[in-house]
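# Architecture and fold: a report
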Amino acid sequence: MKKIRYVHLNLLLLLLPLINLQFPTISLAQDYDEPKKDDTPPPGLVHCNGVYMSYSSGGREKLYPRTTNATAQAWSFKSTAMIVNTGIEEVKGWQMFVGFHHREIIVSATGAVSSDGDFPVDATNGTTFIGSPNTDLKTSILTAGDYTQISTNIEITGTVFGGKGTATPMPKTIKLTNDGWQCPAATSKGDTMQVCCKRNPKFKAKEKLKTKFMPRQHGDLNIIYDVLQAYASSYMAQVTIDNTSPLGRLDHWNLTWEWMRGEFIYSMRGAYAAEKNTLECLSSKAGQFYGDLDFSQVANCQKKPIIKDLPAERKDDNITGKLPFCCKNGTLLPTHMDPSKSKAIFQLQVYKVPPDQNRTAFFPPRNWKIDGIVNPQYKCGPPIRVDATPFPDPSGLQATTYAIASWQVICNITKPKPKAARCCVSFSAFYNDSAIPCNTCACGCKDIDTDTCNANARPLLLPPDTLLVPFDNRTLKAKVWAKQKHMAVPKKLPCPDNCGISLNWHLNSDYGNGWSARVTLFNWGNNAVEDWFGALDLGKAGLGYENIYSFNGSRIPPKNQTIFFQGLPGMNYLIGITNGTNPARDPQIPGKMQSVISFKKKNLGSLNIIGGDGFPKRVFFNGEECELPKYFPKKSSGKRLSSIRFLPSILLAITTFLAITDRFLTGV
């Protein structure tokens, strides 16, 4: 029996070479000669002494809805961006700009966030990626070439419009936007783009204190998230909101963020959560871990809490108040209006869940958003770790204490999209009988039946006094005025502007060494506006600002071309709309305030006041940029004259009157 087994074994060994010749893919043992993957770095990376960046596009797939219009067809795409520090200097807070230009929408990105806010991000004009969580790029020398510390790969998923085939369109450029770095034009080959950026030898950085983390940045609204006390399962945090923009403002602010690791707010001081739902706590991971906790006393368990400022009457409350800069009912004003109202502070006790049960595990919330009522729209970036915030010692001694950890969130004012403003402007002038009203649907037409009006039509010209009348009461006057002026009236009339606040800019006069205008504010809403302010960007003509007579006015540095104005003390209250004398017959009357503004022309070169220099380039109300008309009043060919043309006659009459009076008094 054993002999037979040896024969079979010997026969198998003889046949193995033949089997391998006939079936070379069959192997009875491990193949140690399997070809290795090519880990050779790209030539651009090898020869770069600085910061190497690349962008590689993948394929794309057609999305729904399918359309025959190639430029309107949406496609999903995937791409990979890479940034590597190949130099001898650490790059802190790296920022990589990708010049998208095909109406891309970035849906997600691994290893980075966008400086333009939360995903999805409109990257039509490109976007800047910021490292998260790897914000800094260390050197290969100090990390022994550890790629996890010297580089970041960004896996990008998004949507793109237009194009042909399955190839994803490439961006225009990629570059490092950190101060002191310069990048040549990126080179492209196939579906890959690369560039090597180097230190600018001529760049002289401002002397700054050395910091362990990112230096603090400047924005329109600065938010600091400080950890003040730390425990194994919880920590005390303080949120400070600073309004640093001369035109920034928030009324009844709402702040929201997103917890990323199951945290919840146990208690708050200086602010409160808009919703409190105990069931959300009990059904969460926190409810399972903290089984003996009374969640009826918990402030908020939402993943995305909405936080509001406390009213002024809670300022001295022993439990929820007694914090500096708290409890102003959500009002944040520019510093030059009222420094005490330019900052807000609140504190919160944050409870953590496993695996973050240690004293050094801190993860600030992400996706910050803040808004208010009739205020500018803010776009917030991600929280960036900065050096710990210093505080005066609470004992009163001349000592400094520091937060355990600090993060900064920068929020900047964005320009409203067309037909998405919250205020609008109308134009009128001394040389034209007609006023140009606010643009159609300037503040949107979402709640309007556009079957009965045209949302895209140009507004009808009006007699100036009609600007005082609500839109619903203007139709007849507009039709009569059009008939008098021989202007066509469309069958489908334009829709209203739908703005709660409007401003009228009336060019009042234009003479040799100066000119004047009148600004009128209208409040079409039911609620009064307190501590209001406005701003007018007049370009070069604004340098000649002389005075605003019924308001407080000043120029905003450094350009001094924008005029800031607000109500005088005791007159900073813009009332809401009220009923007419006879509500059954008379239209409602908006709240109204107005003032004349005078300007000089000296040392400003040539100014064409009537041709456009006498009209604002941008207008703001309470920080919100208002939508402007698309054209200026034209100089009328009629006989309507400027009041300035009567000036010589008026001066002659005054002189004669004074002469007669003087003679009469002399005779007496």
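Residues numbered from 1 in each chain as written. Predicted model: local features only at pLDDT ≥ 70, side-chain atom pairs only at ≥ 80, totals over all residues. Heavy atoms only, no water.

Where we set the bar: UniProt positions are given in the numbering used here, feature names are shortened, and annotations may be inferred rather than shown by experiment.
By the naming in an unreviewed UniProt entry, the chain is COBRA plant, taken from Arabidopsis thaliana x Arabidopsis arenosa. Looking at the Sequence similarities (unreviewed entry) heading of the UniProt record, one finds this comment for the chain: "Belongs to the COBRA family." The UniProt entry for the chain carries the following comment under Subcellular location (unreviewed entry): "Cell membrane".

## Some remarks on the overall build of the chain
Threshold: Under the scheme used here, helices are H or I runs from DSSP no shorter than 4 residues and strands are E runs no shorter than 2 residues, and both carry numbers assigned from the N terminus. Throughout, exposure labels follow a simple rule: accessible area from a 1.4 Å probe, protein chains only, divided by the maximum for the residue type, with under 20% read as buried, over 50% as exposed, and the rest as partly exposed. Any two residues whose heavy atoms approach within 4.5 Å at even a single point are treated as in contact. Accessibility throughout is a Shrake-Rupley quantity obtained with a 1.4 Å probe, and a residue counts as covered only by protein chains that appear here.
The helix and strand inventory of the chain stands at nine helices and 38 strands. Per-residue burial for the chain yields a buried fraction of 44% across its 668 residues. Of the contacts formed within the chain by residues at least 6 apart in sequence, a portion of 70% connects residues at least 24 apart. About 37,300 Å² of surface is accessible on the chain, with carbon and sulfur atoms providing 55% of the total.

## Description of the sheet that holds strand S26 (residues 423-429)
Quick reminder of the rule: Strands qualify as paired when DSSP identifies two bridges or more between them. Inter-axis angles, ranging from 0 to 180 degrees, are taken between N-to-C directions of lines fitted to C-alpha atoms, where helices are fitted over the stretch in contact.
Read from one edge of the open sheet, six strands run S27-S26-S28-S29-S36-S32, paired in mixed fashion. Pairing within the sheet leaves two strands with one partner each, and these edge strands are strand S27 (432-436) and strand S32 (545-548). In this sheet, neighbouring strand axes are inclined to one another by 20° on average, regardless of whether the strands run parallel or antiparallel. Alignment of S32 against strand S36 (residues 591-600), held across three bridges, turns out to be antiparallel. Bridging from a neighbouring strand, Tyr545 pairs with Phe599 of S36.

## Let's talk about the pattern of salt bridges
If the charged atoms of two oppositely charged side chains come close together, the side chains can form a pair. Stated formally: Salt bridge, as applied in this entry: a Lys or Arg side-chain nitrogen positioned within 4 Å of an Asp or Glu carboxyl oxygen.
Inspection of every chain in the model, using the stated rule, returns 12 salt bridges. Between Asp433 and Lys485 there is a salt bridge whose closest N-O contact spans 3.1 Å. Remark: Lys485 occurs in the loop between helix H7 (475-484) and strand S28 (501-511) and Asp433 occurs in strand S27; sequence separation between them is 52 residues. The class for Asp433 is partly exposed, based on a relative accessible area of 24%. Two residues, Glu546 and Lys600, come together in a salt bridge whose shortest N-O distance is 4.0 Å. Of this pair, Glu546 sits in strand S32 while Lys600 sits in strand S36, placing them 54 residues apart in sequence. Connected through salt bridges with shared partners, the residues Lys415, Arg618 and Glu625 form a single ionic network.

## Describing the packing of aromatic side chains
Just so we agree on the cut-off: Pairing of aromatic rings covers Phe, Tyr and the six-membered ring of Trp, with a centre-to-centre limit of 6.5 Å; geometry is then stacked below 30 degrees between planes, edge-to-face above 60, and tilted otherwise. Should the NZ of a Lys or the CZ of an Arg lie within 6 Å of a ring centre and within 35 degrees of the ring normal, that charge is described as sitting over the ring.
For the structure shown, the criterion picks out 27 aromatic pairs. Ring geometry for Trp532 and Phe551: centres 5.1 Å apart, planes at 80°, overall edge-to-face. In this pair, Trp532 sits in the loop between strand S30 (529-530) and strand S31 (533-537) while Phe551 sits in strand S33 (residues 551-556), placing the two residues 19 residues apart along the sequence. Overall, the relative accessible area of 4% leaves Phe551 in the buried class. Between Phe615 and Phe632 the ring centres are 5.0 Å apart and the planes differ by 20°, which places this aromatic pair in the stacked class. In this pair, Phe615 is assigned in the loop between helix H8 (609-613) and strand S37 (618-621) and Phe632 in the loop between strand S38 (624-626) and helix H9 (647-667), connecting sequence segments 17 residues apart. Its guanidinium or amino end placed over the ring of Phe363, Arg261 lies 4.0 Å from that ring's centre, counting from NZ or CZ. The ring of Trp407 carries the charged tip of Arg385 above its face, separated from the ring centre by 4.9 Å.

## Concerning the state of the cysteines
To be explicit about the condition: Throughout, a disulfide means two cysteine sulfur atoms within 2.5 Å of one another.
Going through the model one piece at a time under the given rule, you end up with 10 disulfides. A disulfide bridge connects Cys423 with Cys626, and the sulfur atoms are separated by 2.0 Å. Here the S-S torsion is close to -90°, and the disulfide linking Cys423 with Cys626 is therefore left-handed. Placement of Cys423 in strand S26 and of Cys626 in strand S38 is noted, with a sequence separation of 203 residues between them. Each of the two residues, Cys423 as well as Cys626, counts as buried. Between the sulfur atoms of Cys441 and its disulfide partner Cys445 the distance amounts to 1.7 Å. Because the sign of the S-S torsion sets the handedness, a value of about -80° for the bond joining Cys441 and Cys445 places this disulfide among the left-handed ones.

## Structural notes on the environment of Ala112
Note that Ala112 resides in strand S5 (residues 112-114). Other than its neighbours up to four places away in sequence, Ala112 contacts Trp94, Phe119, Phe129, Ile130, Gly131, Ser132 and Ile154.

## Quick look at the nonpolar core
The following threshold applies: Take the buried residues of types Ala, Val, Leu, Ile, Met, Phe, Trp, Tyr and Cys, join any two whose side-chain atoms come within 4.5 Å, and each joined set is a nonpolar core.
Of all hydrophobic cores here, the largest spans 37 residues; its most connected members are Leu503, Trp505, Trp515, Leu521, Trp532, Phe565 and Phe621. Among the secondary structure elements, those contributing two or more residues to this core are S26, S28, strand S29 (514-523), S32, strand S34 (562-567), S36 and S37. Once you skip the residues sitting within four places of it in the chain, Phe565 turns out to touch Leu503, Val519, Leu521, Trp532, Phe533, Gly534, Ala535, Leu536, Ile548, Phe551, Asn552 and Gly553. Ala237, Ala344, Val409 and Cys411 belong to the second-largest nonpolar core, a separate cluster that totals 34 residues.

## Details of the pairing of strand S7 (residues 127-131)
Among the five residues in S7, five count as buried, and that is most of the element. Side chains of S7 alternate between two faces, with Thr127, Phe129 and Gly131 and Thr128 and Ile130 buried alike. As paired elements, strand S3 (residues 95-98) and S7 share four bridges and run antiparallel to each other. For Val98, the partnering residue across the bridge sits in S7 and is Thr127. Pairing geometry for S5 and S7, over three bridges, is antiparallel. In the strand pairing of S7, Ser114 is matched with Phe129.

## Comments concerning the pairing of strand S2 (residues 74-85)
For S2, the tally of buried residues reaches nine of 12 residues, placing the bulk of the element in the interior. Sheet topology places strand S1 (residues 51-62) next to S2; 10 bridges connect them, and they run antiparallel. Directly across from Ser54, in S2, lies its bridge partner Met82. Two strands pair when backbone bridges link them, and S2 and strand S8 (residues 151-161) are joined in this way by 11 bridges, in the antiparallel orientation. Residue pairing for S8: Ser76 is matched across the bridge by Thr159.

## Describing the sheet that holds strand S20 (residues 366-371)
Reading across from one edge, S17-S18-S15-S20 is the order of the four strands in this open sheet, with antiparallel pairing throughout. Edge strands, defined here as strands with exactly one partner in the open sheet, are strand S17 (271-273) and S20. Across this sheet, the average inter-strand angle for adjacent strands is 25°, counted without regard to direction.

## Digging into the confidence of the model for the chain
As a reminder of what qualifies: Here pLDDT means the predictor's own confidence in every residue, given as a number from 0 to 100.
In this model, the chain carries an average pLDDT of 86, and 88% of its residues clear a pLDDT of 70 or more. In the predicted structure, residues 1-9 sits below a pLDDT of 50 and forms zero contacts with residues beyond four places in sequence or in another chain. Note on residues 11-33: pLDDT is under 50 here. Beyond four places in sequence and across chains, it has two contacts.

## Overview of a nonpolar patch on the surface
Note the cut-off: Here the term patch refers to residues with relative accessible area over 30% and no salt bridge, with like charges joined within 9 Å and nonpolar side chains (Val, Leu, Ile, Met, Phe, Trp, Tyr) within 5 Å.
The grouping of Ile88, Ile141 and Leu142 at the surface amounts to a nonpolar patch, some 420 Å² of accessible area in total. Here Ile88 lies in the loop between S2 and S3.

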